[in-house]
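The primary structure of each chain is shown beneath.
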Amino acid sequence: MGKEKSGHAERESILLLTGQLSLQAENYRGILEVTPERIVLQARRAQIAILGQNLQMEYYAREELRIVGRISRVEFLQGGGV
């Protein structure tokens, strides 16, 4: 795939949801909250809340992470970000 002409998609967060069992996130800015029921990430334009049961961060690095557990919902919360 080529680069977006406007450049908007270049640094947006990318979420890959595999069923209800895992979520991989790329290009996030920070981790704001981690509990077994809720993980909140800071994205560029919003916060992303992953809700479910037995949620765990399987791994995380500067720009990529993987969450496992039983994911029931993903919410985009306005506010925060640039």
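Right above here is the structure, for reference.
Not measured: the values here are computed from a predicted model.

(A) Examining the overall build of the protein more closely. Looking only at helices and strands, one finds zero helices and six strands in the protein. The order of helices and strands in the protein, counted from the N terminus, is β-β-β-β-β-β. Looking at the 82 residues of the protein, the share that counts as buried comes to 29%. For the protein, the share of sequence-separated contacts (at least 6 apart) that also reach a separation of at least 24 residues comes to 47%. For the protein, the computed accessible surface area is about 5,600 Å², with 50% contributed by carbon and sulfur atoms.

(B) Structural view of the sheet that holds strand S1 (residues 14-18). Spatially, the six strands line up as an open sheet ordered S1-S2-S6-S5-S4-S3, and their pairing is antiparallel. With partners counted over all chains shown, the strands left at the sheet margins are S1 and strand S3 (30-34), one partner each. This sheet shows a mean twist of 35° between the axes of neighbouring strands, independent of strand direction. Where strand S5 (residues 46-60) lies against strand S6 (residues 64-78), twelve bridges are found, and the strand directions are antiparallel. Its bridge partner lying in S6, Ile50 is registered against Val74.

Criteria and thresholds
Residues numbered from 1 in each chain as written. Predicted model: local features only at pLDDT ≥ 70, side-chain atom pairs only at ≥ 80, totals over all residues. Heavy atoms only, no water. Helix = DSSP H or I, 4+ residues; strand = E, 2+ residues; numbered from the N terminus. Buried < 20%, exposed > 50% of the residue type's maximum accessible area, 1.4 Å probe, protein only. Contact = heavy atoms within 4.5 Å. Areas by Shrake-Rupley, 256 points an atom, 1.4 Å probe, with all protein chains shown as cover. Pairing = 2+ DSSP bridges. Axes fitted to C-alpha atoms, helices over the stretch in contact; angles between N-to-C directions.

Read these as spatial facts, not as claims about activity.
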